Amino acid sequence: MSSRELILGRVRRALADVRADERGDERGDERRDDAPYERAVERGYLREHGGRSVAETVELLAENLADYRALVHRTDADGLAEVVAGLLRAHGSATVLVPSGLREEWLSAATDVTRVPDRGESTAHELDRVDSVVTGCALAIAETGTLVLDGSPDQGRRRITLVPDHHICVVRVPEQVVSSVPQALELLDPTRPLTWISGPSATSDIELDRVEGVHGPRTLEVVLVTGSGD
Amino acid sequence: MSGTYLGMPAFPKAAHEAVHNTTLRGNLRHATHTIRAKRANAVAEMSDWAELREAGKQIKDHTLRHLDRYLVRLEESVQAAGGTVHWAADADEANRIVTYLVKATGESEVVKVKSMATQEIGLNEALEAEGIAAYETDLAELIVQLGKDRPSHILVPAIHRNRGEIRDIFAREMSEWGRPAPEGLTDTPAELAEAARLHLREKFLRAKVGISGANFMVAETGTLVVVESEGNGRMCLTLPETLISVVGIEKIVPTWRDLEVFLQTLPRSSTAERMNPYTSTWTGTTDEDGPQTFHLVLIDNGRTDTLADEVGRQALRCIRCSACLNVCPVYERAGGHAYGSVYPGPIGAILSPQLRGTGSEIDSSLPYASSLCGACYEVCPVAIDIPEVLVHLRERVAQGGPVTERGDKVVLKPAKGHAAERAAMRAARWAFGHPGVLRTGQRLASRTRRFHPRTLPGPGRAWSASRDLPALPAEPFRDWWQRTNGGKETGK
Ligand code: SF4
């Protein structure tokens, strides 16, 4: 007998008491199987916590991002290129990783920085030599101060926001902001690889002192941009 | 479980030693009290905490009650997304599978993100025996690995080490494993973290094989989820060409939507944060992004035996948040090593004896490593009634009875010399048989004090002889919690 059959057999025998309780539930096709699950769990919890206006939701996102030591900047569509260029300059970056689908105008003012395209064949060592990375995001969650990246063309492969030490993430507000985790999951596509980012990399492993940046980027800058919606 | 812990003394002896280690007690007290207070605040932000906890409990219970169905569905979804699924009945089989998979890549080193399942099966030792070096990449796990000892806390595995010790370990050991510690390394946490960053980055950038666990697996979609802080998880999950995830069969949730419950309760219960810095989800493989080969090794290793126990199976709901450790008066004094397993604290006291059986001295003593104060149950985000299972397991040790071992039903004999426990069990059963006592949160508090001996009987005797029995609260836990502001003010 394969271990698969062995384990499944053990599970079925272990659940003899349940089978006696719930006979009937076990029969039926896929669709009938799912229907009982919808009823099997009480979901009395909230879809979002407290009522907020759109502006207040963006405000909460900014607060929670800052609380987790992300550096938050705000601008409108016209000022974005200047802000991004300023952040790269302030960080002293000579090179910047650019996802294939990033809007060109976002980097249009960073004339003295060398662009490194996100390529499948780049080695990890090559990425390690790049100073900064600029990406968009799939959405941001206000209640938790979280950015979610889903590998879309303006965000690139997962590793480009991991290996360089400086990540600039542009969030279009209010379009890309949701209030809560349940609202976020509803919009996200599980077949894409997702990275949820709440503040820079951190550890509290040494006597519970929080230290930023063990392995991921040590500096996370978030630019909230208005008027740049699709 | 793992051979790693075979040489461990039983809980009474280990705890005796631990309570006389003042560094350890100081570190633990500081850690547990700090996290405890922060967690209370993080939970208080959520007005629907009770509903989230109930939903979490129900999702996990439902999954366990139909585990065969969800395992099969998970397998289908993972395969459809380009992954390969392997089944391992016990630790040896899991180790054989992983060793084989690593060897097939032609590599002799792997990077690992912290995984309790791989600790449980002793994977690092098994790989080492086959000439494969496994590097732990979580900062605390690195400290533990370089220091050649064992983790002592689920969340802060090196909590038993202070910064001076960590500095010495890094300065002494890093060169053995790769990039040496910088000259003149001091003991400031920032410098220590930087040394770890440089040491480990060298390994990440050349790694071809990554090994992980998972916090959740979604049956519907075949998605795996890893929740972490440092980014070492992301490194292991995305830089290597091959990813091998070793996961207990109980880690399933049925649907994508179910994550909305656990991604709200886990970070707050665990690190007391609104959200941990990084959460990664992946579904099979993605072209040109991350590992192009993905293996999922599903392990039983005692879980189906635990599932067969109608009272004890609730332990399989555990999402390893470690909240129960931080509130436990016994853990606070004894430390994680005293439990002699990768699962310390209250959850370890009920999970380890179920996964491994109560045959050994350490496992038969674990159900006694508790004052039954009920604090662990109060904080548990999936509402595992740890005191109920403890009493149930004590009864099993004392009186014997039917259990399942490796899938077969057997009848355990009562442990010898346990007459005293049998009396204690009767007392406990009295309390648990009275819903009023149980449900008002008073647990075995004031009303049942007269049933509690000053020293523990049987396996617990040696332990309680080394110190006063952790005082049973004279007042109900809830009252104590409120009076002391969640344990922040001295009131213990
Ligand atoms: S038993 Fe509950 S509180 Fe303890 S680690 Fe598991 S989920 Fe967390």
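Residues numbered from 1 in each chain as written. Chains lettered and ligands numbered in written order. Predicted model: local features only at pLDDT ≥ 70, side-chain atom pairs only at ≥ 80, totals over all residues. Heavy atoms only, no water.

Taking an unreviewed UniProt entry as the reference, chain A is identified by name as Lactate utilization protein C belonging to Streptomyces phaeolivaceus.

### Comments concerning the environment of Glu176(B)
Residue and element names in this part refer to chain B. The test is simple: Going along the chain from the N terminus, every DSSP run of H or I of four or more residues is numbered as a helix, and every run of E of two or more is numbered as a strand. Think of it in three bands: residues with accessible area under 20% of the maximum for their type are buried, residues over 50% are exposed, and the middle band is partly exposed, with areas taken using a 1.4 Å probe on protein chains only.
Considering the arrangement of structural elements, one finds Glu176 in helix H9 (residues 163–177). Under the relative-accessibility criterion, Glu176 is labelled exposed at 64%. Separated by 30 residues in the primary sequence, Glu176 and Leu146 have C-alpha atoms spaced 9.1 Å apart.

### A few points about the UniProt feature "domain: LUD" (unreviewed entry) in chain A
This is how it is decided: UniProt positions are given in the numbering used here, feature names are shortened, and annotations may be inferred rather than shown by experiment.
UniProt marks residues 104–225 of chain A with the feature "domain: LUD" (unreviewed entry), using the numbering shown here. Between the C-alpha atoms that bound residues 104–225 of chain A there is a distance of 15 Å. The span itself is 10% helix and 37% strand.

### Considering the site of the ligand
Operational definition: Neighbouring residues are identified by heavy atoms, a residue being near a molecule or strand if any of them is within 4 Å of it. We call Asp, Glu, Lys and Arg charged. Ala, Val, Leu, Ile, Met, Phe, Trp, Tyr, Cys and Pro are nonpolar, and the rest, Gly among them, are polar.
Cys318(B), Ile319(B), Arg320(B), Cys321(B), Ser322(B), Cys324(B), Ile347(B), Cys380(B), Pro381(B), Val382(B), Ile384(B) and Ile386(B) make up every residue found near the ligand. Grouping the amino acids of the shell around the ligand by side-chain chemistry returns 10 nonpolar, one polar and one charged.

### Here we look at the packing of helix H1 (residues 3–14) of chain A against helix H4 (residues 67–80) of chain B
We count it as follows: Orientation is described by axes fitted as lines to C-alpha atoms, over the contacting stretch for helices, and by angles from 0 to 180 degrees between their N-to-C directions. Should an angle fall under 35 degrees it is taken as roughly parallel, and over 145 as roughly antiparallel, whereas 65 to 115 is taken as roughly perpendicular and any remaining angle as oblique. Contact definition: two residues touch when any of their heavy atoms are within 4.5 Å.
The geometry of H1(A) relative to H4(B) is characterised by a closest axis approach of 8 Å and an angle of 150 degrees between their N-to-C directions. Taken as axis vectors, H1(A) and H4(B) run roughly antiparallel relative to one another. Residues Arg4(A), Leu8(A), Val11(A) and Arg12(A) of H1(A) pack against Leu67(B), Asp68(B), Leu71(B), Val72(B) and Glu75(B) of H4(B). Residues of the contact of H1(A) with H4(B), tallied by class, amount to five nonpolar, no polar and four charged.

### A closer look at the packing of aromatic side chains
The following threshold applies: Planes of paired rings set the category: under 30 degrees apart is stacked, over 60 is edge-to-face and the rest tilted, where pairs are Phe, Tyr or Trp rings (Trp by its six-membered ring) whose centres lie within 6.5 Å. Charge-over-ring placement is defined geometrically: NZ (Lys) or CZ (Arg) within 6 Å of the ring centre, and within 35 degrees of the ring normal.
Taken as a whole and assessed by the stated rule, the structure comprises four aromatic pairs over all chains. When the ring of Trp282(B) is compared with that of Phe294(B), the centres are 6.0 Å apart and the planes differ by 85 degrees; the resulting orientation is edge-to-face. You can see Trp282(B) sitting in strand S9 (residues 278–283) and its partner Phe294(B) sitting in strand S10 (residues 293–299), a full 12 residues away along the chain. Of the two residues, Trp282(B) and Phe294(B), neither departs from the other in class, the shared state being buried. It is Arg274(B) that lies over the ring of Tyr68(A); its NZ or CZ is 5.8 Å from the centre.

### What to know about the side chain of Gln145(B)
With respect to the element layout, Gln145(B) can be found in helix H8 (residues 139–146). If sequence neighbours within four positions are ignored, Gln145(B) has contacts with Asn124(B), Ala134(B), Tyr135(B), Glu136(B) and Trp177(B).

### A look at the packing of helix H3 (residues 49–65) of chain B against H4(B)
Residue and element names in this part refer to chain B. At a minimum axis separation of 5 Å, H3 and H4 run at an interaxial angle of 90 degrees. Classified by the angle their axes make, H3 and H4 are roughly perpendicular. From H3, His62, Thr63, Leu64 and Arg65 reach across to H4, where they touch Leu67, Arg69 and Tyr70. The class makeup of the residues in the contact of H3 with H4 is three nonpolar, two polar and two charged.

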